[in-house]
2 protein chains.
Amino acid sequence: MIDLNRRGVVLAAGSAITLSAAGLPVMAATPDRKLGYAIVGLGGYGLGIIIPQFKNCQHSKLVALVSGDPVKARRVAAEYGVPERSIYDYKNFDSIKDNPDIDVVYVCLPVSMHAEYTIRAAAAGKHVMCEKPMAVSSAECEAMIAACKKAGKKLMIGYRCHFEPYNLEARRRARAGEIGKLRYFRSEHGFTAGNPNSWRLKKAMSGGGSLMDIGIYALNAARYMTAEEPVSVYAKETTDRNDPRFREVEDMIEFQLEFPSGVIASCMSMYSANQNHILLMGDKGRIDLEPGTRYDGNKLWVGQDRSTPVNPPPGPGATQWSGQLDHLSLCVINNKEPIVPGEEGLRDIRIIEAIYRSAREQKRIALT
Amino acid sequence: MIDLNRRGVVLAAGSAITLSAAGLPVMAATPDRKLGYAIVGLGGYGLGIIIPQFKNCQHSKLVALVSGDPVKARRVAAEYGVPERSIYDYKNFDSIKDNPDIDVVYVCLPVSMHAEYTIRAAAAGKHVMCEKPMAVSSAECEAMIAACKKAGKKLMIGYRCHFEPYNLEARRRARAGEIGKLRYFRSEHGFTAGNPNSWRLKKAMSGGGSLMDIGIYALNAARYMTAEEPVSVYAKETTDRNDPRFREVEDMIEFQLEFPSGVIASCMSMYSANQNHILLMGDKGRIDLEPGTRYDGNKLWVGQDRSTPVNPPPGPGATQWSGQLDHLSLCVINNKEPIVPGEEGLRDIRIIEAIYRSAREQKRIALT
């Protein structure tokens, strides 16, 4: 396990810490140092997306797996060179504390399990990367932050778009004033939910519907791109409760955020159509991303319309995920706070709670 | 002046009334019959846009001018072949009642003058075309409708987009189910207001800011495209009151409409940037217009993205304005109600009043 003091000594001995164009810490002096990650949950995201990304990392490596399916776990372990002794299940999970190979636990579980496994990981002396949404409630988020703080461990939330070149470039240009004074932000995010038995559609496991799963991209982009925190929300939900997919969670929810500068954000989240769009409107032009937050194929235009496509410079990693993974590794190595810490996840969940409340009570909710 | 009874006889004698693809009445049997229009107000729209359109009309002709500027009026009259005796000013306007050439009065004045000149035109026994927004208040709209009803005259509001091929085709495809079940509507409309002394920026003349002038396109499109009436509104205004343009009226206002079917419309209106966009989102695809309501150059895509541009069939007229003008002429000839009567203008103004109230009171306003 990486020890902060030991790392501190390494740094003091002569590492060169610089900042990348994206403002992310880069540590050039430890090219070979890799932190060990345990992936908790071998579902679509953990197995399909995250695990294959370690080959693109400079500071992160896969060292352990946690799964309730021993056959699957052994197969994946064999494929990725994870030793049998580093395969865990949900019962013996806490014994990771005795595994010095594991520096970081990456929680890729249904949302309702995020808090428990983050807190248990911290108690086992591990740093934590937790997928978004951070948890099913702000109370859980607060407990997760407190647990990691108490353990002296980093907590980072998996906001991959903060490491995605098109999003970084859009934000950079907005901040540089390329579209003048920012006035309006808009984002639609949605996909067509298929299987009615998916955990995403079970409220006890997901904490909510499209807003928790895909709408959070619109919400987080609104805060990220404006670099402001909203002062109020208003939301309207529309769900066909006769649709077997939507017996427990919302389909469509439209929410408006008011920012202190006067910027208004209008965001839409849905589970009944594919949407992926971010638009920033200034008094001198627009920044348009469509798709904006996909795994690949994102597109960016800056100007009065879509006549000028922009190819952004590379992001901090070879991919958004390797950038994300290595960021946490470097934060651990350098004892820095991640740019998307637990507090970032908590902010989104607090706003999501206000959005749900606004939709329920049909009124504007002031955010404090 | 065209007399409804005389027209009725003409029709009964053998005219063929059919419906165009857009559902608009077409009267093929009277190709040469043209109603005479008096244009009231020789400003940018009346002089620059409407007057040049009569050459494209089959059933409408320019026969009179009303202006406070006699030099300008004589110049325009000479250019368009309007006899000197058919030039009026605002004092002698009521004497149009004695001019049998005038069938219709087209009110192209600042909004605060719409009610007065509509009511005076009706009292003079003339049909009325009135520009949008219909008036500065719903009370005025109601008075205008009552005046025309009492006089037995048609009242139509200048919603040119109801005669514009791209808008007609977008609506047709939405109604035909080409994007599945409609879920979400979005529209941004705005332009950069320049001259702080423009009547548009004087509340007493305009009745309001961007919402009255350009945002009404987003509002009307939301109602037109969904073919529903909203049941509630919520709105948020943002205006820099230190900007000399916005001392009296709002710059940006974002409003959300809730429709009975569950469709949500999110609309943005502004005077500080150029925007012109209409988007319909169904559970099977999207209908996208950008620009959507311009004088020309509108574009339409139907599908999952913008890969398939659509060229609509021709509209009811050679241009949206000639289609609009001839529609009222045919309604007069055939004694039909216009598709955008005074009641249509009133509906928008009632919703605009609710939008302003919502922004002022920071709460959802139910529409009754």
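Computed from a prediction, not measured in an experiment: that's the story for all the values here.

1. A short note on the domain arrangement of chain A
Residues and elements named next belong to chain A. For chain A, the assigned domains read domain 1 (4-161 + 319-337) and domain 2 (165-313 + 348-366). Computed from C-alpha atoms alone, the centre-to-centre distance between domain 1 and domain 2 is 27 Å. For the pair domain 1 and domain 2, the two sides together bury roughly 1700 Å², of which 63% comes from carbon and sulfur. A per-residue breakdown of the area domain 1 buries against domain 2 is headed by P133, Y159 and C161, which together make up 28% of the total. Run the count over domain 1 and domain 2 and you get 1 salt bridge. For E142, the salt bridge goes to R350, with nearest N and O atoms at 2.7 Å. Our count for the contact surface shared by domain 1 and domain 2 stands at 10 residue pairs in polar contact (both at pLDDT 80 or more).

2. Things to note about the sheet that holds strand β4 (residues 60-66) of chain A
All names here are of chain A. Strand order in the open sheet made by the 6 strands is β5-β4-β3-β6-β7-β8, with parallel pairing throughout. Lying at the two open borders of the sheet, with one neighbouring strand each, are β5 (87-88) and β8 (155-157). Alignment of strand β3 (residues 35-40) against strand β6 (residues 104-107), held across 4 bridges, turns out to be parallel. Its bridge partner lying in β6, V40 is registered against V107. Running over the sheet, helix α3 (residues 70-80) touches β4 and β5 and is turned about 160 degrees from β4. Relative to the sheet, helix α4 (residues 114-123) contacts β3, β6, β7 (127-130) and β8, its axis offset from that of β7 by approximately 165 degrees.

3. Digging into the UniProt feature "domain: GFO/IDH/MocA-like oxidoreductase" (unreviewed entry) in chain A
Taken from the UniProt record, the annotation "domain: GFO/IDH/MocA-like oxidoreductase" (unreviewed entry) applies to residues 169-287 of chain A. In residues 169-287 of chain A, the share of helix is 24% and the share of strand is 38%. The end C-alpha atoms are 10 Å apart.

4. Points about the UniProt feature "domain: Gfo/Idh/MocA-like oxidoreductase N-terminal" (unreviewed entry) in chain A
If you check UniProt for "domain: Gfo/Idh/MocA-like oxidoreductase N-terminal" (unreviewed entry), the listed places come out as residues 36-159 of chain A in our numbering. Along residues 36-159 of chain A one finds 34% helix and 20% strand; the C-alpha atoms at either end are 20 Å apart.

5. Some remarks on the side chain of D288 of chain A
All names here are of chain A. Within the secondary structure, D288 sits in strand β14 (residues 286-289). There is a polar contact of 2.8 Å between the side chain of D288 and the side chain of R306. Residue contacts for D288: discarding those within four places in its chain leaves H277, I278, L279, K299, L300, W301 and R306.

6. Here we look at the pattern of salt bridges
All told, the structure shown has 58 salt bridges over all chains when counted by the stated rule. Note that R245 of chain A and D243 of chain A form a salt bridge whose closest N and O atoms lie 2.8 Å from each other. As far as burial versus exposure is concerned, R245 of chain A and D243 of chain A are alike and both buried. Notably, a salt bridge pairs R357 of chain A with E361 of chain A, separated by 3.2 Å at the nearest N-O pair. With R357 of chain A and E361 of chain A both in helix α10 (residues 342-361), this residue pair falls 4 residues apart, about one helical turn. For R357 of chain A, a relative accessible area of 35% corresponds to the partly exposed category. When its relative accessible area of 36% is taken as the criterion, E361 of chain A is described as partly exposed. Several salt bridges converge on common partners, so that one network encompasses R286, D288, E290 and R306 of chain A together with R286, D288, E290 and R306 of chain B.

7. Focus: the state of the cysteines
Each disulfide consists of a covalent bond between the sulfur atoms of two cysteine residues. Residues and elements named next belong to chain B. The tally for this structure, following the rule as stated, stands at 0 disulfides over all chains. Left without a disulfide partner, C148 is nearest to the cysteine sulfur of C130, which lies 9.0 Å away. Take C161: it sits in no disulfide, and the sulfur closest to it among the cysteines is that of C267, at 14 Å.

8. Thoughts on the interface of chain A and chain B
Taken residue by residue, the interface counts 30 residues in chain A and 30 residues in chain B. When chain A packs against chain B, the two sides together hide about 3000 Å² of surface, and 49% of this comes from carbon and sulfur. Of all residues in chain A, R183, Y234 and Q256 of chain A bury the most surface against chain B, accounting for 19% of the area lost on that side. In this structure, the connection of chain A to chain B is made through 8 salt bridges. Put simply, R186 of chain A and E188 of chain B hold a salt bridge, and the shortest N to O gap is 2.5 Å. Linking chain A to chain B there are 21 residue pairs in polar contact (both at pLDDT 80 or more). Those elements that place two or more of their residues in the side of chain A that touches chain B are β9 (182-192), β10 (232-238), β11 (252-258), β12 (264-270) and β13 (272-282) of chain A. With 7 residues, β13 of chain A is the largest single contributor of residues to the side of chain A that touches chain B.

9. Description of the relation of the copies chain A and chain B
Structural alignment of chain A on chain B gives an RMSD of 0.0 Å, achieved by rotating through 180 degrees and translating 0.0 Å along the axis. The symmetry that links the two subunits is that of a two-fold axis. Considering only C-alpha atoms, the part of chain A nearest the rotation axis is K363 of chain A, at 2.9 Å. Take the interface residues of chain A: 100% of them recur as interface residues in chain B, which is what a same-surface contact looks like.

10. So, the packing of helix α6 (residues 165-175) of chain B against helix α8 (residues 210-226) of chain B
Residues and elements named next belong to chain B. Contact pair α6 / α8: the axes reach a minimum separation of 9 Å and the direction vectors enclose 40 degrees. When the axes of α6 and α8 are compared, the pair comes out oblique. Here N167, L168, A170, R171, A174 and R175 of α6 lie close against α8, whose contacting residues are Y224, M225 and T226. In terms of residue class, the contact of α6 with α8 is built from 5 nonpolar, 2 polar and 2 charged.

11. A word on the packing of aromatic side chains
Residue and element names in this part refer to chain A. Under the criterion given, the structure shown has 15 aromatic pairs over all chains. When the centroid spacing of 5.2 Å and the interplanar angle of 75 degrees are considered together, the rings of Y295 and W321 count as edge-to-face. Residue Y295 is found in the loop between β14 and β15 (300-303), and its partner W321 is found in helix α9 (residues 320-334); the two are separated by 26 residues along the sequence. The rings of Y45, Y295 and W321 are connected pair by pair, giving a single aromatic cluster.

12. Description of the confidence of the model for chain A
All names here are of chain A. For chain A, per-residue confidence averages 92 on the pLDDT scale, and 91% of positions sit at 70 or higher. At the level of individual helices and strands, chain A shows its lowest average pLDDT in helix α1 (residues 4-12), which scores 31, and its highest in β8, which scores 99. Of the regions scoring below 50 in pLDDT, residues 1-19 engages in 40 contacts with residues more than four places distant in sequence or in other chains.

Cut-offs and rules
Residues numbered from 1 in each chain as written. Chains lettered and ligands numbered in written order. Predicted model: local features only at pLDDT ≥ 70, side-chain atom pairs only at ≥ 80, totals over all residues. Heavy atoms only, no water. Domains from an automatic or database assignment. Buried area = accessible area lost by both parts, 1.4 Å probe. Salt bridge = Lys/Arg side-chain N within 4 Å of Asp/Glu carboxyl O. Polar contact = N/O pair within 3.5 Å; in protein donor to acceptor, adjacent residues only side chain to side chain. Pairing = 2+ DSSP bridges. Helix = DSSP H or I, 4+ residues; strand = E, 2+ residues; numbered from the N terminus. Contact = heavy atoms within 4.5 Å. Axes fitted to C-alpha atoms, helices over the stretch in contact; angles between N-to-C directions. UniProt positions renumbered as here; feature names shortened; annotations may be inferred. Buried < 20%, exposed > 50% of the residue type's maximum accessible area, 1.4 Å probe, protein only. Disulfide = S-S within 2.5 Å. Least-squares fit on C-alpha atoms with pLDDT ≥ 70 in both. Parallel < 35°, antiparallel > 145°, perpendicular 65-115°, else oblique. Nonpolar A, V, L, I, M, F, W, Y, C, P; charged D, E, K, R; others polar. Phe/Tyr/Trp six-rings, centres within 6.5 Å; stacked < 30°, edge-to-face > 60°. pLDDT = per-residue confidence, 0-100.

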